[in-house]
Amino acid sequence: MLDDAEIIAAVANDLPVGVWVARAPAGEFVYANRAFSEIMGMGARDDVVAGGYAEPYGICDRAGRPYPEAQMPFVRALVARATVVVDDIVIHRSDGKRVNVRAHARPLFHGDELSHVVIAFFDITREVAAERVRDDFISAASHELKTPIGALQMRVQWMLQQLGGGAPFGHTQVVGWAEAALRQVRRLGRLSETLLDVSRIRSGRIELRRDPVDLAQLLRDVVARVDDDLGGAAPPLHLEAPERLPGHADALRLDQVITNLLSNAAKYGQGRPISISLSHDGKLARLEVRDSGVGIAAADRERIFQPFERAVSPDSYAGLGLGLWIVQEIVSRMHGHILLDSQPGAGAAIAVEVPWQ
Amino acid sequence: VSRRTVLIVDDDQDFRGTLSEVLGAAGYRTLEAGDGAQALVHLEADGAIGLILLDLMMPGINGWELHRQLLQHEHWSTIPLVVLTAGEGGLGDIPRLSKLVELAELLRTVDEYCR
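For every chain, the first residue of its written sequence is number 1, and the numbers climb from 1 along that sequence. The order in which chains are written sets their letters, starting at A; the order in which ligands are written sets their numbers, starting at 1. Where totals are concerned, whole chains, interfaces and linings use all residues; where local detail is concerned, this predicted model gives features only for residues with pLDDT of at least 70, and gives and counts side-chain atom pairs only at 80 or more. Side-chain measures were taken over the full set of non-hydrogen atoms in the model, leaving aside hydrogen atoms and water.

Trainee: Help me understand the overall build of chain A in this model?
Mentor: For chain A, the helix and strand inventory stands at nine helices and 13 strands. Taking 2.2 N^0.38 as the reference for a compact globule, 357 residues should give roughly 21 Å; the C-alpha atoms of chain A span a radius of gyration of 30 Å, well beyond that estimate. Across its three principal axes, chain A shows a C-alpha extent of roughly 85 × 65 × 40 Å. Whether two residues touch is decided by their heavy atoms; if any such pair falls within 4.5 Å, the residues are in contact. Partitioning the intrachain contacts of chain A with sequence separation of at least 6 by distance along the chain shows that 57% fall at a separation of at least 24. Residue burial considers only the protein chains on display, and all accessible areas are found by Shrake-Rupley using a 1.4 Å probe. Put simply, chain A shows about 18,700 Å² of open surface, and 54% of that area lies on carbon and sulfur atoms. What counts as a helix is a DSSP run of H or I of at least four residues, what counts as a strand is a run of E of at least two, and both are numbered from the N terminus. Our radius of gyration looks at C-alpha atoms and nothing else; its globule reference is 2.2 Å times the residue count to the power 0.38.

Trainee: For this particular structure, what's the right way to read the nonpolar core?
Mentor: The tendency in soluble globular proteins is for nonpolar side chains to be buried side by side. Residue and element names in this part refer to chain A. Leu 215, Ile 258, Leu 261, Leu 262, Ile 276, Val 352 and Trp 356 are the most contacted members of the largest nonpolar core, which totals 48 residues. Elements that contribute at least two residues to this core include exactly α5 (125-164), α6 (171-202), α7 (215-229), α8 (251-268), β10 (274-280), β11 (284-290), α9 (323-333) and β13 (348-355). The contact partners of Val 352, leaving out residues within four places of it in the chain, are Val 257, Leu 261, Ala 285, Arg 286, Leu 287, Val 327, Val 331, His 337 and Ile 338. By convention a nonpolar core is built from buried Ala, Val, Leu, Ile, Met, Phe, Trp, Tyr and Cys residues, the set being connected through side-chain atoms within 4.5 Å. The classification of residues rests on relative accessible area computed with a 1.4 Å probe and restricted to protein chains. Under 20% of the type maximum is buried, over 50% is exposed, and intermediate values are partly exposed. Among the nonpolar cores identified, the runner-up in size contains 29 residues, and Val 48, Val 75, Val 84 and Ile 89 belong to it.

Trainee: What is the right way to read the side chain of His 67 of chain B from this model?
Mentor: Tracing the sequence through the fold places His 67 of chain B in helix α3 (residues 63-71). Apart from residues lying up to four places away in sequence, His 67 of chain B is in contact with Leu 81, Leu 91 and Ile 94 of chain B.

Trainee: Help me understand the confidence of the model for chain B in this model?
Mentor: Predicted coordinates in regions of low pLDDT should not be interpreted in detail. Summary statistics for chain B give a mean pLDDT of 91 and a share of 97% for residues scoring 70 or more. Interface confidence for the predicted complex, given as ipTM, is 0.90, next to a pTM of 0.71. Residue-level confidence of the predictor is summarised by pLDDT, bounded by 0 at the bottom and 100 at the top.

Trainee: Any chance you could explain the pattern of salt bridges here in plain terms?
Mentor: Side-chain pairs of opposite charge can arise where the charged atoms are in close proximity. All names here are of chain A. We define a salt bridge as a contact between a side-chain nitrogen of Lys or Arg and a carboxyl oxygen of Asp or Glu at a distance within 4 Å. Per the counting criterion, the structure on display carries 27 salt bridges over all chains. Asp 211 serves as the salt-bridge partner of Arg 209, at 3.0 Å between the closest nitrogen and oxygen. By relative accessible area, which is 53% here, Arg 209 ends up exposed. With its nearest N and O atoms 2.9 Å apart, the salt bridge here joins Glu 353 to Arg 286. One end of the pair, Glu 353, is in strand β13; the other, Arg 286, is in strand β11, with 67 residues separating them in the sequence. The exposure class of Glu 353 is buried, given its relative accessible area of 13%. Arg 286 gets classed as partly exposed once you look at its relative accessible area, which sits at 27%. Each member of the salt-bridge network shares a partner with another, and the members are Arg 286, Glu 288, Arg 290, Asp 341 and Glu 353.

Trainee: Sorry if this is basic, but what is going on with the sheet that holds strand β5 (residues 98-110) of chain A here?
Mentor: Hydrogen bonds between backbone groups are what pair the strands of a sheet, and the pairing can be parallel or antiparallel. Residue and element names in this part refer to chain A. The rule for pairing is simple: two strands pair if DSSP sees at least two bridges between them. Pairing in this open sheet of six strands is antiparallel, and the strands run β2-β1-β6-β5-β4-β3 from one edge to the other. Among the strands making up the open sheet, the edge pair consists of β2 (28-32) and β3 (59-60). Axis definition: a line fitted to C-alpha atoms, limited for helices to the stretch in contact. Angles are taken between N-to-C directions and run from 0 to 180 degrees. On top of the sheet, α5 reaches β5 and β6 (113-123); it is set at about 125° to β5, its chief contact.

Written out as structure tokens, the structure reads:
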């Protein structure tokens, strides 16, 4: 039979939170549990005191500099005589691993005298990584919006300037300006839909309709439109498709799958022709988009279907890193699958197969 | 030699085309390049380029790389360069405009370098 003290000790040791206790004011080590050692990648040291914590434990700030001793949670709790929370600590462990840590430092009082400081350490590495992904995404989204907004703003300002100049304009010319502006607005509209899809997919709110669709016609429509979608930058497209391929599906989502595959191929295809083929074997419709561009290394094949990822440097290829992730999500909801065939430098073929009857 | 030729280097054809149309209407001769490699072709062929408007993030030879190559060339390194970007980055001391620049400011800047 365990006594109460043994039970408390066992519970403290098994807490999923690192706990470390030191005596005030000098910081002599008193207690640490197992999770503390797991977070730090080393056991607690009984030979270090306040003023010398950073080096032995590898405690750094987010910029990688040794954490200032005067700002250590232990010291802050002593000064504040109240609980302090510090979440900018990064442990540079001796095994090379970096662990982001949040520390709750709480003073213990014996009467009026501050006798100990108890620090709870939480591993927040995943939280910090998710924050970084979110920040990168916001920055990429703002970048993606700026180019079409900039083009539209320039066009509208210029139209106003021309119209205000008093020179006579032909109907055709004004219609031309308005059409160009409309193209830019549509592009922004599609971009905002893509941004919304992130939350739709994440919260499982993509619902597929089932309408009669002619997949061959839909494909031809997208191919005819893709040049506009890409701001006029589409390479030559070779299309091989049956005259008709009627079935039932969500036409808008299929349109999005085809559009994303084509714009992806155009983006990474280095301006070389893209072949598109559509076929049907009685059960599955198969759409393949093949480019002759930069290709995808074996190591990147899984990653490119993850959100916010792409196989190449963002200095070279703008974008949100969402296209193939959205394709994958839609196709899997259609009970279909994706096949990827690529060699770095030799282009990529992405095929989508969905049940089609 | 005419100083009023502007080379627009941007991978977004829509942005590039709009800019070219606007500058064309303002009396400039414009050349368009979708990446650094196309920009180099124009530079080889055309000695009259008075200003380069340069986007940074581009496939192939991007803006940073093109800038490095320009610096190594006796004549091209003297051509004024203005970065026109949607991102945060820049090219050191090189003047930089956001893609959300006001048209008047853009035309003023171009005029300054092409006078």
